[in-house]
Amino acid sequence: MKERKKQGLAVILIFILLFSIPLLFLFTKKEEYSISERRVLKELPKLSFTTIKKGEFGRDMEEYFLDHFPFREGFRTLKAAVSTEIFGTKTENGLYEKEGYLVKMEYPIHQEMIEYAVNKFENIYESLLKEKGSQCYFAIIPDKNYFLADKYNMLSIDYEEFYRFFQEEISWAEHIDLREVLTLEDYYKTDTHWRQERLEKVAFLLGEKMGADTKAVYKKKKIEMPFYGVYVGQWSLPVEGETMYYLTNSVIEDCKVTSVEGKKKREQKIYHEEKFTGKDPYDFFLSGPQAIQIIENSRAASKKELIVFRDSFASSLIPLFVKDYAKITLLDIRYVQSNILDHYVEFKGQDVLFLYSSFILNQAKALR
């Protein structure tokens, strides 16, 4: 009798699960964006004869169900815990954790990507800079693998080979090796980016090589809310937030920042407090990804101008350059085609810095 009751109870529980999960799926609100994963979630695909015939509808529906499955975040955490704690998996979603740092594995060197980057930069130099007499500089920002991979026998690119390739192929620019001054502690534990409050030495090295005076006195300010970087959601397991600091002074606060989008121009700020509570807190620096931004400093020590071809790492570094430049133009060719830049920017012999992370260079198809 007791055995029958147990079996009956099991059947009831199974039926509850079978019916409750579809009901939850149907009636729970569908989010458009995953904050933890920093990506747009799959939309409900449109049903048509063409999508069915090509097999696209079934595939897209599967992705849609996976993205909006009830209690999805909880299941992601459970999966990560089982993988790392029970099965001893070293990585989760391409990340590993060492010395309190979450690190994205980058391996191997993608030869076609770095050759694409070199060709892209070469075309920019030949078409926009060479005849104008610009002095060009090139600097690579290493990722956290550079400091940890060999120590813990994790897969990573061969950094010496990586750096040597760019030094040999980009002969028209002076190379500045930031590894001379960078350490692991200069990076956020939960994010790919570096910490601004530790970048004065980087700004000084670049300024020294480029003939700019970047020495300045700053106030170090703390953001009271904890900072959770891009890797927190990808790691899935619980992670403590960290403290974000930023450096400021009266010169930085008086700078004028303009974002250029086609024919539209928008006034912005060097530090955008509201962005810290948005999808990516690192957007606090220069309002996040922008195709073209212009920083003007009416109190600059000279009339010098600087153009920076950059990725997101520059957002927190470049505010430390404003002292000695009357105008700094930031160009992110992930968001604007390089062959139309002269429609928006007057190239007239300014100093030019190409500043890119090893991640972006090794995945260079994002460059346009």
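Residues numbered from 1 in each chain as written. Predicted model: local features only at pLDDT ≥ 70, side-chain atom pairs only at ≥ 80, totals over all residues. Heavy atoms only, no water.

**Focus on the overall build of the protein chain**
Here is the rule: Where helices and strands are cited, they refer to DSSP runs of H or I of at least four residues and of E of at least two residues respectively, numbered from the N terminus. Buried, partly exposed and exposed residues are distinguished by accessible area as a fraction of the type maximum, computed with a 1.4 Å probe on protein chains only: under 20%, between the cut-offs, and over 50%, respectively. Here, residues are in contact when the closest pair of their heavy atoms is within 4.5 Å. Per-residue and other accessible areas follow the Shrake-Rupley method at a 1.4 Å probe size, with only the shown protein chains counted as cover for residues.
Summing up its helical and strand segments, the protein chain has 12 helices and 14 strands in all. Evaluated residue by residue, the protein chain yields a buried proportion of 48% over its 368 residues. The contacts of the protein chain with a sequence gap of at least 6 include a subset with a gap of at least 24, amounting to 73%. Summed over its atoms, the accessible surface of the protein chain is roughly 19,700 Å², and 54% of this surface lies on carbon and sulfur atoms.

**Remarks on the nonpolar core**
Stated precisely, the cut-off is as follows: The criterion is simple. A nonpolar core is a set of buried Ala, Val, Leu, Ile, Met, Phe, Trp, Tyr and Cys residues joined through side-chain atoms within 4.5 Å.
In terms of nonpolar packing, the biggest core is built from 48 residues, with Leu178, Trp194, Leu206, Ile295 and Ile328 touching the most fellow members. Mapped by element, the contributors of at least two residues to this core are strand 5 (136-141), helix 8 (200-210), strand 8 (245-248), helix 10 (250-254), strand 12 (305-310), helix 11 (314-317), strand 13 (327-331) and strand 14 (351-357). Residue contributions to this core peak at five residues, all from helix 8. Excluding residues that lie within four positions of it along the chain, leucine 178 makes contacts with Ala139, Ile140, Ile141, Trp194, Val202, Leu205, Leu206 and Leu355. By size, the runner-up hydrophobic cluster in this structure holds 40 residues, among which are Val118, Val260, Ile292 and Val352.

**Some points on the packing of helix 5 (residues 111-129) against helix 7 (residues 159-169)**
For clarity, the cut-off: Angular values range over 0 to 180 degrees, each being the angle between N-to-C directions of two axes fitted as lines to C-alpha atoms, with helices fitted over their stretch in contact. Roughly parallel covers angles under 35 degrees, roughly antiparallel covers those over 145, roughly perpendicular covers 65 to 115, and oblique covers all other angles. Working rule for handedness: look at the near helix, and if it is turned counterclockwise from the far one by less than a right angle, call the crossing left-handed; if clockwise, right-handed. Ten residues, namely Ala, Val, Leu, Ile, Met, Phe, Trp, Tyr, Cys and Pro, are considered nonpolar, four, namely Asp, Glu, Lys and Arg, are considered charged, and the remaining ones, Gly among them, are considered polar.
Direction vectors running N to C along helix 5 and helix 7 enclose 30 degrees, while the axes themselves pass 11 Å from each other. Accordingly, the angle class assigned to the pair helix 5 and helix 7 is roughly parallel. Of the two possible hands of crossing, helix 5 and helix 7 adopt the one that is right-handed. Between helix 5, through Gln111, Ile114, Glu115, Ala117, Val118 and Glu122, and helix 7, the contact on the second element is made entirely by Phe162, Phe165, Phe166 and Glu169. Residue composition of the contact of helix 5 with helix 7, grouped by class: six nonpolar, one polar and three charged.

**Observations concerning the environment of phenylalanine 138**
On the secondary structure map, phenylalanine 138 appears in strand 5. Look at phenylalanine 138 and you get buried, because its relative accessible area is 1%. Separated by 216 residues in sequence, phenylalanine 138 and phenylalanine 354 place their C-alpha atoms 4.7 Å apart. The residues contacting phenylalanine 138, other than those within four sequence positions of it, are Phe121, Phe166, Ile170, Ala173, Glu174, His175, Ile176, Leu353, Phe354 and Leu361.

**Examining the pattern of salt bridges**
Charged atoms that come close allow side chains of opposite charge to pair. Counted only if it meets this: Salt bridges, as used here, are contacts in which a Lys or Arg side-chain nitrogen is within 4 Å of a carboxyl oxygen on Asp or Glu.
With the rule as written, the count across this model stands at 16 salt bridges. The closest approach of N and O atoms between arginine 195 and glutamate 197, which form a salt bridge, is 2.6 Å. Neither arginine 195 nor glutamate 197 differs from the other in exposure class; each is buried. Residues joined in a network through salt bridges with shared partners are Glu160, Asp177 and Arg179.

**Comments concerning the sheet that holds strand 11 (residues 292-296)**
Strand-to-strand pairing in sheets goes through backbone hydrogen bonds, with the strands running parallel or antiparallel. For the record, the criterion: Any two strands with at least two DSSP-identified bridges between them are counted as paired.
If you trace the eight strands from one edge of the open sheet to the other, you get 6-5-14-12-13-11-9-10, paired in mixed fashion. For this open sheet the edge positions go to strand 6 (174-175) and strand 10 (264-268), each flanked by a neighbour on one side alone. In this sheet, strand 13 lies alongside strand 11 in antiparallel orientation, the contact comprising five bridges. In the sheet register, isoleucine 292 faces strand 13, and the bridge partner there is leucine 331. In the packing of helix 5 onto the sheet, contacts are made with strand 5, strand 12 and strand 14, and the angle to strand 14 comes to roughly 165 degrees.

**Thoughts on the environment of methionine 244**
Within the element layout of this structure, methionine 244 appears in the loop between helix 9 (231-235) and strand 8. It is 8.7 Å that separates the C-alpha atoms of methionine 244 and glutamate 197, two residues lying 47 residues apart in sequence. Leaving out residues up to four positions away in the same chain, methionine 244 has contacts with Tyr188, Arg195, Lys221, Lys222, Ile223, Phe227, Phe276, Pro281, Tyr282, Phe284 and Phe285.

**Focus on unusual backbone geometry**
In this structure, proline 108 follows tyrosine 107 across a cis peptide bond, with omega equal to -5 degrees. Topologically, proline 108 is positioned in the loop between strand 4 (101-104) and helix 5. The phi dihedral of glutamate 99 falls on the positive side, at around 55 degrees, and the residue is not glycine. Locating glutamate 99 in the fold gives a position in the loop between strand 3 (95-98) and strand 4. At asparagine 153, a residue that is not glycine, the phi angle is positive and equals roughly 55 degrees. Along the chain, asparagine 153 turns up in the loop between helix 6 (145-148) and helix 7.

**With respect to helix 8**
Taken as a whole, helix 8 has its buried residues at Val202, Ala203, Leu205, Leu206, Gly207 and Met210. Elements in contact with the buried residues of helix 8: strand 5, strand 12, helix 11 and strand 14. At the exit of helix 8 stands glycine 211, carrying a positive phi of roughly 75 degrees.

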